[in-house]
Amino acid sequence: MNWGILALAIVIIIGVTTLYLKGFFQPFQTYRFRQFPRSDFNHFGITVATLSDSWITRGEITNFWVESAAIYQARLNAIRQAKHLIQFETYIMTPGHRADEFAEILTKKAQEGVKIALLADSHGAKSMPSSYWQQLKQAGIEVRQYNPFDWRNPLKNLRRNHRKLLIIDEKIALIGGAGISDLWDGTDKECRGEPWLDYEIGIEGDIIWRLKGVFWQHWLDAGGEADLKPVFLQQTPHHNTEILVTANENPSYQNSSIRALFQTLILGATERFWLASPYFLPNPNTIQLLIDAQQRGVEVKILTMGKTCDKPYVHKAAYERYDLLLKGGIPIYEYQPSMMHAKLVLIDNHWVSFGSANFDPRSFFQNDELNLSCKDNEQKLRQQVELFFLHAFRKSEIVTPKRWKKRKLRNRLIGRFWLLFYWQL
């Protein structure tokens, strides 16, 4: 008897059985809406919030930074301003220059008496040596690993904290998609070249209190202690921008705030729906919603990663799901110079949604995510996001039906194989 083959068979059977019991093979439920409010209707925001379990608050978008140099400089500048408290959570951390400069400035602020709470996802930061964390702890920085592997509940480790959030003195916040890693500078062997295409957004106002609560919830889940005494006692000025805060907290197939957010934003679009997502793996429902939007006159455009990417196998798997979208006349732009890592949505001429969530099953049904959506009445953010898309479109190749049909057989087989693991991509 070949014990290796037997062991592999047992592992496969256990894995398939587990997925079956968790409902991963059930068909997608079809959703239907009648008279969904347009994005320019006054009750559009509250409708989206109600269906996606989002909080409605107010704030002000203060900055929009693009690419690694500007993003990391913005974070360092914000940290330098800290007087009392720094809260930071992230998914990806890897050894290198960016991690070293991050540790250096945090250590300096800790020596100045600033309280620092750092939360890193245990999977996303698995390459960081223990000496790095020890160095931070010795400097007085509180460090927690989110959701480390536990043999008593191994499947729990599939849940990851994919959020990237920096809060300074409960006064300003920065949110985007970049981790603490040299990868964003274009150093990865799979996507070496130009810096990754990504962004960071600065926020102030009442929304900070909601974001602080989102951070503390994860911090407590990781075994940390939350000191709820306010450190910023000055009353914040009133801001007119309505912002929806969508925190995908322990989502499931039946209950996903991020999935509902994306679907309702598509339903409310009347002029355009521009989506940026590096890992673009739509399910049948969202594919149909995008096609329906295109057919009712909405300009639907998809911006995603191309061959220059950090996960070529995901790109090949995603490519296999382009068929119906291309038949529906939806252009798919694959960014060429480097890894396209931005997660952005531009709806018509006012609404913008941004944060950590990809348009894929992991962000919908597995990860803890954080997205913000706002109606930009002053048009400043909308204009910056629009320019971001237009710049990216110019540096992209459009996937045509002819090109899609001529893809190599080897790539088809690889893509089809990885789609067997669709729920974990």
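Residues numbered from 1 in each chain as written. Predicted model: local features only at pLDDT ≥ 70, side-chain atom pairs only at ≥ 80, totals over all residues. Heavy atoms only, no water.

For the chain, the helix and strand inventory stands at 14 helices and 15 strands. Here the C-alpha radius of gyration of the chain, 21 Å, is about what a compact globule of 425 residues would show, namely 22 Å. Seen through its C-alpha atoms, the chain measures out along the principal axes to roughly 65 × 60 × 40 Å. Each of the 425 residues in the chain was classed as buried or not, and the buried ones make up 55%. (Helix = DSSP H or I, 4+ residues; strand = E, 2+ residues; numbered from the N terminus. Rg over C-alpha atoms; globule rule 2.2 N^0.38 Å. Buried < 20%, exposed > 50% of the residue type's maximum accessible area, 1.4 Å probe, protein only.)

What follows covers the pairing of strand β9 (residues 272-276). With 5 of 5 residues buried, β9 is to be regarded as a mostly interior element. Of the two faces of β9, the one holding Arg272, Trp274 and Ala276 and the one holding Phe273 and Leu275 are both buried throughout. Each parallel crossover has a hand, and the one from β9 via helix α8 (residues 284-295) to strand β10 (residues 299-305) is right-handed. Bridging between β9 and strand β12 (residues 344-347) involves 4 bridges; their strand directions are antiparallel. Pairing of Ala276 across the sheet is with Leu344, part of β12. (Right-handed = clockwise from strand over helix to strand, strands pointing away. Pairing = 2+ DSSP bridges.)

A separate point is the environment of Gln217. The topology assignment puts Gln217 in helix α6 (residues 207-221). We classify Gln217 as partly exposed; its relative accessible area is 37%. Sequence separation of Gln217 and Ala178 is 39 residues, and the distance between their C-alpha atoms is 21 Å.

Here we come to α8. Between its terminal C-alpha atoms α8 stretches 16 Å, which fits the 16 Å expected from 12 residues at 1.5 Å a residue. Taken as a whole, α8 has its buried residues at Asn285, Thr286, Ile287, Leu289, Leu290, Ile291 and Ala293. Its buried side turned inward, α8 meets α7 (257-268), β9, β10, α10 (323-327) and α11 (361-365). N-cap assignment for α8: the residue whose side-chain oxygen lies 3.2 Å from the backbone N of Asn285 is Asn283. Just downstream of α8 lies Gly297, where phi reads positive at about 100°. (Expected span 1.5 Å × (residues − 1). Contact = heavy atoms within 4.5 Å. Polar contact = N/O pair within 3.5 Å; in protein donor to acceptor, adjacent residues only side chain to side chain.)

Quick look at unusual backbone geometry now. Backbone geometry places Glu67, a non-glycine residue, at a positive phi of 70°. Along the chain, Glu67 falls in the loop between β1 (55-66) and α3 (68-81). On the basis of relative accessibility, which here comes to 23%, the residue Glu67 falls in the partly exposed class. Notably, Asp169 is not glycine yet its phi reads approximately 55°, a positive angle. Counting through the fold element by element, Asp169 comes out in the loop between β5 (165-168) and β6 (172-176).

A few words on the packing of helix α9 (residues 312-319) against helix α14 (residues 409-419). It is at 7 Å that the axes of α9 and α14 come closest, and there the two elements cross at 95°. Between α9 and α14, the crossing angle belongs to the class labelled roughly perpendicular. For the pair α9 and α14, contact is made by Tyr313, Lys316 and Ala317 and by Asn411, Ile414, Gly415, Trp418 and Leu419, respectively. Here the residues of the contact of α9 with α14 sort into 5 nonpolar, 2 polar and 1 charged. (Axes fitted to C-alpha atoms, helices over the stretch in contact; angles between N-to-C directions. Parallel < 35°, antiparallel > 145°, perpendicular 65-115°, else oblique. Nonpolar A, V, L, I, M, F, W, Y, C, P; charged D, E, K, R; others polar.)

Attention shifts here to the pattern of salt bridges. Here the structure, examined in full by the defined rule, presents 17 salt bridges. For Arg159, the salt bridge identified is with Glu249, shortest N-O distance 3.0 Å. Highlighted residues: Arg159 in the loop between β4 (142-146) and β5 and Glu249 in the loop between β8 (241-248) and α7, separated in sequence by 90 residues. Judged by relative accessible area, Arg159 falls into the buried class, the value being 17%. By relative accessible area, Glu249 is classed as partly exposed at 31%. A salt bridge links Arg159 to Asp368; the shortest N-O distance between them is 2.6 Å. Of the two residues, Arg159 sits in the loop between β4 and β5 while Asp368 sits in the loop between α11 and β14 (369-375), which places them 209 residues apart along the sequence. The network of salt bridges with common partners includes Arg159, Arg163, Glu249 and Asp368. (Salt bridge = Lys/Arg side-chain N within 4 Å of Asp/Glu carboxyl O.)

This next bit is on the side chain of Gln87. By the element assignment, Gln87 lies in strand β2 (residues 85-90). On the basis of relative accessibility, which here comes to 0%, the residue Gln87 falls in the buried class. Apart from residues no more than four positions distant in its own chain, Gln87 is found in contact with Ala117, Leu165, Leu166, Ile167, Glu170, Lys212, Phe215 and Trp216.

Running from amino to carboxyl end, α3 crosses helix α4 (residues 97-111) at an angle of 10°, the nearest separation of the two axes being 10 Å. As far as their axial angle goes, α4 and α3 are roughly parallel. Considering the relative orientation of α3 and α4, their crossing is right-handed. Side by side, α3 and α4 meet where Ser68, Ala69, Tyr72, Leu76, Ile79 and Arg80 of the first sit next to Arg98, Glu101, Phe102, Ile105, Leu106 and Lys109 of the second. (Left-handed = near helix turned anticlockwise from the far one by under 90°.)

What follows covers a nonpolar patch on the surface. A cluster of nonpolar residues, Trp3, Leu6, Ile10 and Ile14, forms a patch on the protein surface that exposes about 430 Å² of accessible area. Along the chain, Ile10 turns up in helix α1 (residues 3-21). You can call Ile10 partly exposed: its relative accessible area is 43%. (Patch = residues over 30% accessible without salt bridge, like charges linked within 9 Å, V, L, I, M, F, W, Y side chains within 5 Å. Areas by Shrake-Rupley, 256 points an atom, 1.4 Å probe, with all protein chains shown as cover.)

With that out of the way, let us pick up the side chain of Thr107. Within the secondary structure layout, Thr107 lies in helix α4. Judged by its relative accessible area of 16%, Thr107 is buried. A distance of 2.7 Å separates a polar side-chain atom of Thr107 from the backbone oxygen of Ala103. Thr107 has contacts with Leu136, Ala139 and Ile141, leaving out every residue within four places of it along the chain.

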